[in-house]
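Coordinates in review
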Amino acid sequence: MATFTERMAPVLVLWLAVSLSGTWAVDKGNFKTCDQSSFCKRQRALKPGESPYRALLETMELTNTRLTLQLINDNNKVRLLLELYRLQGNITRVKINELKPLKLRYEVPDVLIRDPPTEPLSLLSQDENGVVLSLGAESQRVIVSARPFRLDIMEGREVLMSLNSRGLLAFEHLRMRKDTFSYKVTSTVASVWDNIKRVFSSQADPEAEKKEETDPAKQAETAKEEEEKVEDGMWEETFKSHSDSKPNGPSAVSLDFSLPGVEHVYGIPEHADTLRLKTTENGDPYRLYNLDVFQYELYNPMALYGAVPVMLAHNAQRTTGIFWLNAAETWVDISSNTAGKTVFGKMLDYVQGSSETPQTDVRWISESGIIDVFIMLGPTPKDVFAQYASLTGTQAFPPLAAVGYHQCRWNYNDQEDVTSVDAGFDEHDIPYDYIWLDIEHTDGKRYFTWDPHKFASPKEMLQGLMDKKRKMVAIVDPHIKVDTNYKIHNEIRSRSFYIKNKDGGDYEGWCWPGSAGYPDFTRADMRDWWASMFAYDQYEGSMENLYTWNDMNEPSVFNGPEVTMHKDALHGAWEHRDVHNLYGFYVQMATAEGLIQRSGGVERPFVLTRAFFAGSQRYGAVWTGDNAAEWDHLKVSIPMCLSLGLVGISFCGADVGGFFKSPSTELLVRWYQTGAYQPFFRAHAHLDTPRREPWLFGPENTALIREAVRQRYTLLPYWYQQFYHAHRTGQPIMRPLWVEYPEDPATFALDDEFLIGRDLLVHPVTEEGARGVTAYLPGKDEVWFDVHTFQKHNGAQNLYIPVTISSIPVFQRGGSIIPRKIRVRRSSSCMMHDPYTLYVALNPQRTAEGELYIDDGHTFNYEKEFIHRRLSFANNLLSSVNLAPDAQFSTRSWIERIVILGASKPSKVILKTDDGQESQLEFDFDSSMSVLTLRKPGMNAGVDWNVMLQ
């Protein structure tokens, strides 16, 4: 009999043939539509306005921290338990579960950073129709209506959000399967009892009994009911050749939300789509189910590698958010009463006095678990970001080097190849911080190992990089080669740490090593063991400048349904269907913890993950997966990263140049220019593509790529500052314009330009052969300065910008101060002690402000050892003031130049330092551009000082 490996070899060959071909696109037939996902099809078939649920007001209990209330489904009499909490920070939490479930239903652990603190709820009024509760702030209240059950959140007379207003709440209760042994025993007992009653009852009617047994209408109805259940896939489901045993039967949950006054909703990544989410009435809902999708299609709602079930709704008056805490396969339907209306149509409605209020309706459908939803009430975008951060945490603060440039491909062939590429960057004067190794660096796809021939001396290689203050990332995937000669596999198996199949044996699937087991990362003891494997004495050949990349962690199973794990695989008491979207989250969590532990808790980790969930921001970076060298893939990288930033994951980027296929030189240059202004900046390429190191496309293109990378490095102080703020506050780094200009409708759908923090606006060139772009400069009271030419432009206008192949349209906001380091060296660490240049962009209507943040760039000492200074310019006085007087840190860096945009020529410039010394500074003034340059002021970057223009 053939072994599993022998039988599966043709599958791997076919999969590799598809993967290695640069011309194939995603086979959509490998992935389910809603109609092919039985629970989605069932739930989507429900009709609005027919809710069977009502609230049993007599069961209400109100304590200082929560309200509980039973709901009943009048069709089947199953009762649910509603819990409502008012949380600190203007958040409302709603939980719905079965009152008495047949067995426990899965509730997502570990994603929330703590039990959210509550605030008191108070009862305002109650009658037979419902209950009104106060939410405290600004006359906010919750109205619970009884029949049918409905929940409205109001502020004053305005409805902010309604739950079950369309009557699409659904909760499939757990039940016994009617053809199971237990049911047969129960039925037999019942039958015997019925016969006993009939024997001893004078009321027994043989004719009636016979009629009931032979009634064709009743038989047909019963048969049809059973047939429908089988067709619906409630107890077993087949997709292609894969069967899902569904031992717990139907368990889906669903709830609809109505958003009055809202036309724009965002979030629920990951999808290769526009920033503004589209309505889904004429197609599939957006799907959230982590999948390894080969060369994904653009502009559709198919699931991709990660899933963050968070949606933001925005209009000119308010921003709100919905966080649906469920890790099972989830579909999100969106409808709108203004969808499809043209601008003219909307104007006509206005002229004719149409009273229809715009409204967006959203429906969430998950396969299992409970309903646990957090309603974030804003009211500003920044409030929503802070509210979400209070629940799931903020972006991990990376080492400074991780914000630099990363060079990667599948694969650098051997140590000599790594050395050659490293030297190539020096030869062509292009900085970089990390070089990456993909799966071929291992000994036969055994992670935590090195190929004994190609990478025989890994420490020597790593030391060579360290000598240049550079680093390496090596891939460690979560599929473990089944091989009794492999230490990692033997330990996992001996500890019974593998996920189990439905029959209780170790689950095995096919991935890069061939037959592979999958560690159960939902187990804390498994994660602890995994983390311990990154210790220097366990991970042979590793050093402190080796970091980690978690790929294929959806998890990817080449021979599994939809290229992932069977849903009836077991994680202890829970099925994989319950935890699927958490798997990658846990892999990255355990890996990041391993990198922290290996240094004794001193060094910050850097871990890149492909799969992610809510809360993944706490553990590192993500990228947009296996894209292609096509212009549309370059364009879509912008909304994909913007969407991730809105839901807390700021450290995002796309493979520069495209993973699949080979870019034209123009596309490659434009991608470097775009990637240099995205938070995670890494070039990557497929094994089957020609080499594409930056110097392989002729001197002119090398110079263009060099300039883009150098622009990234000059701005590292500003980038690092943005990461610090994201870590402290949860605000996105790369953000849509509407976040800073929430009242400007012209910004609401823009996704071809973006802001970095508040003060830099970037409009990359993403059209082939472009000779110009049109950028929208927001803010009627703003002025914007071209960072390359210092040309000044007013806000609230569409600006046409002629471009050449060297152009990267970037603008600094008037009223800001941005620090840069102009002396670009081979890596960020080499620039650590270099001086700063301050770019002060003036706006006559406001004080110019900025910050300077400095720490050691790599340890957790930033908690107490750092420099954080406020820079401001008002009334011709530029000053630096300490924002953290208790923090202890010193720097050797100094201020070597100050460039003031929009300035007037002074008669003299006086510098006053913290020791009371005064000196007159040299300056140049360009009257044609109104640019004042102060040369060699020379003060230390960490002390108080001021500069007066006289």
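Scope of this entry: the structure provided in the associated data block. Here the structure is a predicted model, which means the values were calculated and not measured.

1. Quick notes on the overall build of the chain
Secondary structure assignment for the chain yields 18 helices and 54 strands. Expressed as a percentage of its 950 residues, the buried residues of the chain come to 59%. Residue pairs at least 24 apart in sequence account for 72% of intrachain contacts in the chain once pairs closer than 6 positions are excluded. Accessible surface computed for the chain: about 36,800 Å², of which carbon and sulfur atoms make up 50%.

2. Some details on the state of the cysteines
Applying the stated criterion across every chain, the model contains two disulfides. Through a disulfide, Cys-34 is tied to Cys-40; the S-S separation comes to 2.0 Å. Between Cys-34 and Cys-40, the disulfide has an S-S torsion of -100° and is therefore left-handed. Judged by its relative accessible area of 1%, Cys-34 falls in the buried class. Exposure remark for Cys-40: the relative accessible area of 0% places this residue in the buried category. Bridging Cys-641 to Cys-652, the disulfide has an S-S length of 2.1 Å. In this structure the cystine formed by Cys-641 and Cys-652 twists about its S-S bond by roughly -75°; its chirality is therefore left-handed. Note that Cys-641 is positioned in helix H14 (residues 631-646) and Cys-652 in strand E33 (residues 652-653), a separation of 11 residues in sequence.

3. With respect to the nonpolar core
Of all hydrophobic cores here, the largest spans 178 residues; its most connected members are Phe-323, Trp-530, Phe-606 and Tyr-672. In contact with Phe-606, not counting residues within four places along its chain, are Pro-399, Ala-402, His-406, Tyr-434, Trp-436, Val-473, Tyr-547, Thr-548, Leu-595, Ala-621, Phe-651 and Phe-680. Leu-71, Val-253, Ile-334 and Ile-375 belong to the second-largest nonpolar core, a separate cluster that totals 50 residues.

4. Focus: the pairing of strand E9 (residues 150-155)
Burial within E9 is extensive, with five of its six residues counted as buried. Sheet topology note: the strand E8 (residues 140-145)/E9 ladder contains six bridges and is antiparallel. Residue pairing for E9: Val-144 is matched across the bridge by Leu-151. With five bridges connecting them, E9 and strand E10 (residues 158-163) associate as antiparallel partners. Its bridge partner lying in E10, Met-154 is registered against Val-159. Linking E9 back to E10 in an antiparallel pair, the connection comprises two residues, with Gly-156 at a positive phi of about 65°.

5. Side note on the packing of helix H11 (residues 524-532) against helix H13 (residues 583-598)
Between H11 and H13, whose axes approach to 7 Å, the crossing angle comes to 45°. Taken together, the axis directions place H11 and H13 in an arrangement best described as oblique. As for the relative orientation of H11 and H13, their crossing is right-handed in sense. Contacts from Arg-527, Trp-530, Ala-531 and Ser-532 of H11 reach H13 at Tyr-586, Val-587, Met-589, Ala-590, Thr-591, Glu-593, Gly-594 and Gln-597.

6. As for the packing of aromatic side chains
With the rule as written, the count across this model stands at 51 aromatic pairs. The interplanar angle of 15° and the centroid separation of 5.7 Å between the aromatic rings of Trp-324 and Trp-364 together place this pair among those described as stacked. With Trp-324 in strand E18 (residues 319-324) and Trp-364 in strand E20 (residues 359-366), this residue pair connects regions lying 40 residues apart in the sequence. An angle of 80° between the planes, with centres 4.9 Å apart, marks the rings of Phe-521 and Trp-530 as edge-to-face. Across this residue pair, the class does not change: Phe-521 and Trp-530 are buried.

7. Thoughts on unusual backbone geometry
In this chain, Gly-378 is followed by Pro-379 through a cis amide linkage whose omega measures 15°. Mapped onto the elements, Pro-379 comes out in the loop between strand E21 (371-376) and helix H7 (381-392). Between Trp-410 and the following residue, Asn-411, the backbone shows a cis peptide bond with an omega angle of 5°. Although it is not a glycine, Lys-661 sits at a positive phi angle of roughly 70°. Inspection of the secondary structure assignment puts Lys-661 in the loop between strand E34 (655-656) and helix H15 (665-675). For Lys-661, a relative accessible area of 26% puts it in the partly exposed group.

8. Quick notes on the pattern of salt bridges
Within this structure, the stated rule accounts for 62 salt bridges. As a salt-bridge pair, Asp-422 and Lys-468 come within 2.8 Å of each other at their nearest N and O atoms. Residue Asp-422 is found in helix H8 (residues 415-427), and its partner Lys-468 is found in the loop between helix H9 (458-467) and strand E24 (471-475); the two are separated by 46 residues along the sequence. The exposure class of Asp-422 is buried, given its relative accessible area of 6%. A residue is classified by how much of its surface remains accessible, and Lys-468, at 21% relative accessible area, is partly exposed. Close ionic contact of Arg-610 with Asp-626 constitutes a salt bridge, the shortest N to O distance being 3.3 Å. Linking Arg-610 in the loop between strand E31 (607-609) and strand E32 (621-623) with Asp-626 in the loop between E32 and H14, this pair joins segments that are 16 residues apart in sequence. Asp-626 carries the same exposure label as Arg-610, and that label is buried.

9. Focus on the side chain of Gln-721
Its location among the elements puts Gln-721 in helix H17 (residues 716-729). A relative accessible area of 5% means that Gln-721 is categorised as buried. Not counting the four nearest positions on each side in its chain, Gln-721 is found in contact with Pro-819, Glu-851, Leu-852 and Tyr-853.

10. Quick word on the sheet that holds strand E38 (residues 760-762)
Within the open sheet, the six strands sit side by side as E36-E37-E38-E43-E40-E41. Their pairing is antiparallel. Each edge of the open sheet is held by one strand with a lone partner, namely strand E36 (734-735) and strand E41 (792-794). Pairing geometry for strand E37 (residues 754-756) and E38, over three bridges, is antiparallel. Paired with Ile-756 across the strands is Leu-760, a residue of E38.

11. What to know about the pairing of strand E27 (residues 514-517)
As paired strands, strand E25 (residues 480-481) and E27 are joined by two bridges and run antiparallel to one another. By the bridge assignment, Ile-480 is partnered in E27 with Gly-517. Both strand E26 (residues 508-511) and E27 contribute to a ladder of four bridges, which runs antiparallel. Paired with Glu-508 across the strands is Gly-517, a residue of E27. The hairpin turn running from E26 into E27, its antiparallel successor, is two residues long.

12. A few points about the environment of Val-647
Here Val-647 is to be found in the loop between H14 and E33. Look at Val-647 and you get buried, because its relative accessible area is 0%. In this structure Val-647 touches Gly-267, Pro-269, Val-308, Val-310, Leu-312, Tyr-388 and Gln-617, once residues within four positions along its chain are discounted.

13. Considering the sheet that holds E26
Pairing is antiparallel in the open sheet, where three strands are placed in the order E25-E27-E26. Across the chains shown, the open sheet's two edge strands, defined by having one partner strand only, are E25 and E26.

14. With respect to the packing of H15 against helix H16 (residues 699-714)
Two numbers describe how H15 lies on H16: the axes approach to 8 Å, and their chain directions differ by 10°. Comparing their axes, H16 and H15 come out roughly parallel. Across from Thr-665, Leu-668, Val-669, Tyr-672, Gln-673 and Gly-675 in H15, the residues of H16 making contact are Asn-701, Leu-704, Ile-705, Ala-708, Val-709 and Arg-712. Residue composition of the contact of H15 with H16, grouped by class: seven nonpolar, four polar and one charged.

15. Quick look at the environment of Gln-888
Within the element layout of this structure, Gln-888 appears in the loop between strand E48 (877-882) and strand E49 (895-901). Counting along the chain gives 27 residues from Gln-888 to Asn-861, while the straight-line C-alpha distance between them is 9.9 Å. At 3.4 Å, the side chain of Gln-888 forms a polar contact with the backbone oxygen of Asp-886.

Conventions adopted
- Residues numbered from 1 in each chain as written.
- Predicted model: local features only at pLDDT ≥ 70, side-chain atom pairs only at ≥ 80, totals over all residues.
- Heavy atoms only, no water.
- Helix = DSSP H or I, 4+ residues; strand = E, 2+ residues; numbered from the N terminus.
- Buried < 20%, exposed > 50% of the residue type's maximum accessible area, 1.4 Å probe, protein only.
- Contact = heavy atoms within 4.5 Å.
- Areas by Shrake-Rupley, 256 points an atom, 1.4 Å probe, with all protein chains shown as cover.
- Disulfide = S-S within 2.5 Å.
- Core = buried A, V, L, I, M, F, W, Y, C linked by side-chain atoms within 4.5 Å.
- Pairing = 2+ DSSP bridges.
- Axes fitted to C-alpha atoms, helices over the stretch in contact; angles between N-to-C directions.
- Parallel < 35°, antiparallel > 145°, perpendicular 65-115°, else oblique.
- Left-handed = near helix turned anticlockwise from the far one by under 90°.
- Phe/Tyr/Trp six-rings, centres within 6.5 Å; stacked < 30°, edge-to-face > 60°.
- Salt bridge = Lys/Arg side-chain N within 4 Å of Asp/Glu carboxyl O.
- Nonpolar A, V, L, I, M, F, W, Y, C, P; charged D, E, K, R; others polar.
- Polar contact = N/O pair within 3.5 Å; in protein donor to acceptor, adjacent residues only side chain to side chain.

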